[in-house]
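This is what each chain is made of:
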Amino acid sequence: MNTSTSGAQLIDGVALSQKLRTDVTARAQALKARGITPGLAVILVGDNPASQVYVRNKVKGCQDCGFHSVLEKYDASMTESELLARIEALNHDPAIHGILVQLPVPKHINAAKVIEAISPAKDVDGFHVASAGALMTGMPGFWPCTPYGCMKMLESIGYDLRGKHAVVIGRSNIVGKPMALMLLEKNATVTLCHSATHNLKAMTLQADVIVAAVGKRNVLTADMVKPGAVVLDVGMNRNDEGKLCGDVDFEGVRQVASAITPVPGGVGPMTITMLLVNTLEAAERAAP
Ligand code: GUN
């Protein structure tokens, strides 16, 4: 699944996803033989076009792996209490092992309140404070899908993080912060950079591994990368021609790095794959 090029090795998220999803499908079959079909409920409130694509892909991923899935779409006028009531019902639905509310939700709904309403046992996004606390303390729980996918990509190239310096750019609750904790758990020395960081280049030049998760083009350019570093690009942006691109200047950085994830076809597909892994695990944990 890793393709050599003139510069860096490409870490192919499509191929790795296929491999992992084959394993997920087999495990789902084994669970079905015991009378349990992994089930995911996906809730979308409003008609954000990007969210519509994401939820469709999540449901399709479930179908491809033989999961049960339900997509509940609601008008943007849905009230917070109506949404909380739906989550409460799904918390008690034995056919549903994972619950995902697609973000962002409309402004009149408190996203934090919604996330905390999901049972931690069904929190396959890994966004609940109980999941965050479990990650921080090394307890069993669900890891957020995007950084979890990044860890799988490093594992796929046999990269040993022990003692390595990892620099994460971006401190979101969904990617940057959990990413730093996962890298730390694998014994890397971690620097978490953000918008107030002085001299980002001085930080990234020291890094053996760089994860770019800002949501802005060209945050990382070749002059900021130590030769031989491994670069993971979490960004999903559009360039001037409207083409999908990451946070990393791919053409420049691939000449310097030893391995790099492309956009598209890198971290993106892994996010849904890890959602399927989490949902399967939720079902396995719930099995008698
Ligand atoms: N919006 C953007 N990414 C995500 C995600 O991973 N999960 C949810 N629930 N909403 C999102």
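Residues numbered from 1 in each chain as written. Predicted model: local features only at pLDDT ≥ 70, side-chain atom pairs only at ≥ 80, totals over all residues. Heavy atoms only, no water.

1. Quick look at the site of the ligand
Heads up, the rule is: We call a residue near a molecule or strand whenever a single non-hydrogen atom of that residue lies within 4 Å of it. N or O atoms closer than or at 3.5 Å make up a polar contact, with two conditions inside protein: a donor-capable atom paired with an acceptor-capable one, and, for residues adjacent in sequence, both atoms drawn from side chains. Method for areas: the Shrake-Rupley scheme with a 1.4 Å probe, in which residue coverage is limited to the protein chains shown. All amino acids are sorted into three groups, where Ala, Val, Leu, Ile, Met, Phe, Trp, Tyr, Cys and Pro are nonpolar, Asp, Glu, Lys and Arg are charged, and the leftover types, Gly among them, are polar.
Near the ligand, the surroundings consist of Lys58, Leu100, Val101, Gln102, Leu103, Asp125 and Phe127. Val101 places a polar main-chain atom, nitrogen or oxygen, 2.8 Å from a nitrogen atom of the ligand. Within the contact set of the ligand, a nitrogen atom lies 3.2 Å away from a side-chain nitrogen or oxygen of Gln102. Contact with the protein chains hides 79% of the accessible area of the ligand, taken as 280 Å² for the molecule alone. Per-class residue counts for the shell around the ligand are four nonpolar, one polar and two charged.

2. Concerning the nonpolar core
Operational definition: In this text, buried Ala, Val, Leu, Ile, Met, Phe, Trp, Tyr and Cys residues form a nonpolar core when linked through side-chain atoms within 4.5 Å. Each residue is assigned to one of three classes by its accessible area relative to the maximum for its type, calculated with a 1.4 Å probe on protein chains only: buried under 20%, partly exposed between the two thresholds, exposed over 50%. Comment: elements are numbered from the N terminus, with helices defined as DSSP H or I runs of at least four residues and strands as E runs of at least two. Whether two residues are in contact is decided by their heavy atoms, any of which lying within 4.5 Å being enough.
Formed by 52 residues in total, the largest nonpolar core has its most connected members in Phe67, Leu183 and Val211. In terms of residues, this core owes the most to one element, helix 10 (residues 267-286), which gives 10 residues. The contacts of Val211, once residues within four sequence positions are left out, are Val167, Val168, Ile169, Met179, Leu183, Leu232 and Val234. In terms of nonpolar packing, the next biggest core, distinct from the first, is built from 19 residues, Leu10, Met224, Ala229 and Ala257 among them.

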